[in-house]
Every structure is written in C-alpha cells, then in structure tokens.
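Notes for the structure review
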Amino acid sequence: LVSQALSQLEMQLRQHAQHATPFLAGDSFSVADLAAWRACGWLSSGILDGVPTDLIASQFPALQQHHLQINSMPDVQSWMKAHPSNYRYLN
C-alpha cells in the first residue's frame, strides 16, 4: 500500500515535471507538498523497522528530488530550526 502511494506521487511529479511544475497539486507550493515532504522524511528516518533509509532515494527519484527541494526552502528550514524536537531523525 505504501509502495503504491509512493508510486502515485512519483508519477504525479513526473507528469508535472513535463510542464515545468515542481509541485504536487498545481503551479504553487501547497499542503500536499508539505505532506509528501514529511512522509518521505519519516520513511527515510530509520525509525521504522523493515523500511530501508534509502527507500525513497533508490526507488522514487522524482519524489526524492521533490523532498530535497521542499527541505531546502527557507521557510521550511526556519520552521525546522524553531521546532528541532520534531525533526531529530532527519537525515
């Protein structure tokens, strides 16, 4: 089920990339992008038994790129710095 959902996100991002849209739900940043960013962070954190930390990076390259893009946004970085206990497992 997780793999199917990740595959759907991967496909969505690839389709949007063809139109130079780097976001999941349209032409601008939205809560969908934040949700995917956190899901990827959680799945890659190493705290889930049986889920390899490179799952996203190795199998879903567009989703990995999206994760890195959202993670590097100044507002996201500021939020993480203001709430460090919520992001202690980020890699």
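Described in the following lines is the structure provided in the data block. The residue numbering used here restarts from 1 in each chain and proceeds along that chain's sequence as written. Given that this is a predicted model, residues contribute local features only at a pLDDT of at least 70 and side-chain atom pairs are listed and counted only at 80 or more, while totals for whole chains, interfaces and linings are drawn from all residues. Side-chain measures here rest on the full set of heavy atoms in the structure, leaving out hydrogens and waters.

Below, the discussion takes up the packing of aromatic side chains. Any two of the Phe, Tyr and Trp rings considered here, Trp counted by its six-membered ring, make a pair once their centres fall within 6.5 Å; the pair's planes then place it as stacked at under 30 degrees, edge-to-face at over 60, or tilted in between. Scanning all chains against the criterion turns up one aromatic pair. Consider the rings of Phe 23 and Phe 29, whose centres lie 6.2 Å apart with planes at 70°: the pair is edge-to-face.

Let's shift gears to the nonpolar core. Each nonpolar core is a collection of buried residues, namely Ala, Val, Leu, Ile, Met, Phe, Trp, Tyr and Cys, held together in the definition by side-chain atoms within 4.5 Å. Relative accessible area decides the class of each residue, using a 1.4 Å probe on protein chains only: under 20% of the type maximum gives buried, over 50% gives exposed, and in between gives partly exposed. If you look at the biggest cluster of nonpolar residues, it comprises ten residues: Leu 6, Leu 13, Leu 24, Ala 36, Cys 40, Leu 43, Leu 55, Ile 56, Phe 60 and Leu 63. For this core, the secondary structure elements donating two or more residues are helix H1 (2–17), helix H2 (31–43) and helix H3 (55–59). Where helices and strands are cited, they refer to DSSP runs of H or I of at least four residues and of E of at least two residues respectively, numbered from the N terminus. Ranked by residues supplied to this core, first place goes to H2 with three residues. We call two residues in contact when some of their heavy atoms are within 4.5 Å. The residues touching Leu 13, leaving out its near neighbours within four places in the chain, are Pro 22, Phe 23, Leu 24, Ala 62, Leu 63 and His 66. Ranked by size, the runner-up nonpolar core spans six residues in total, among them Phe 23, Trp 37, Ile 70 and Val 76.

Below, the discussion takes up the pattern of salt bridges. Close approach of charged atoms lets side chains of opposite charge pair. Just to be clear on terms, a salt bridge is a Lys or Arg side-chain nitrogen sitting within 4 Å of an Asp or Glu carboxyl oxygen. Taken as a whole and judged by the stated rule, the model has one salt bridge. Linking Glu 10 and Arg 14 is a salt bridge whose minimum nitrogen-to-oxygen distance equals 2.9 Å. In this pair, Glu 10 and Arg 14 are both assigned in helix H1, four residues apart and thus about one turn of the helix distant. Since its relative accessible area comes to 6%, Glu 10 is described here as buried. By relative accessible area, which is 46% here, Arg 14 ends up partly exposed.

This part is about H2. Residue count minus one, scaled by 1.5 Å, sets the expected span of a helix. The first and last C-alpha atoms of H2 sit 18 Å apart over 13 residues, in line with the 18 Å expected at 1.5 Å per residue. The secondary structure elements touched by the buried residues of H2 are H1, H3, helix H4 (61–71) and helix H5 (74–82).

Another point: the packing of H1 against H4. All axes are obtained by fitting lines to C-alpha atoms, using only the stretch in contact for helices, and the reported angles, taken between N-to-C directions, cover 0 to 180 degrees. Contact pair H1 / H4: the axes reach a minimum separation of 8 Å and the direction vectors enclose 75°. Between H1 and H4, the angle is such that the two are roughly perpendicular. Residues Leu 6, Leu 9, Glu 10, Leu 13 and Arg 14 of H1 pack against Pro 61, Ala 62, Leu 63 and His 66 of H4. Residue polarity follows a fixed list, in which Ala, Val, Leu, Ile, Met, Phe, Trp, Tyr, Cys and Pro are nonpolar, Asp, Glu, Lys and Arg are charged, and the others, Gly among them, are polar. The class makeup of the residues in the contact of H1 with H4 is six nonpolar, one polar and two charged. The scheme is simple: roughly parallel for angles under 35 degrees, roughly antiparallel for over 145, roughly perpendicular for 65 to 115, oblique for anything else.

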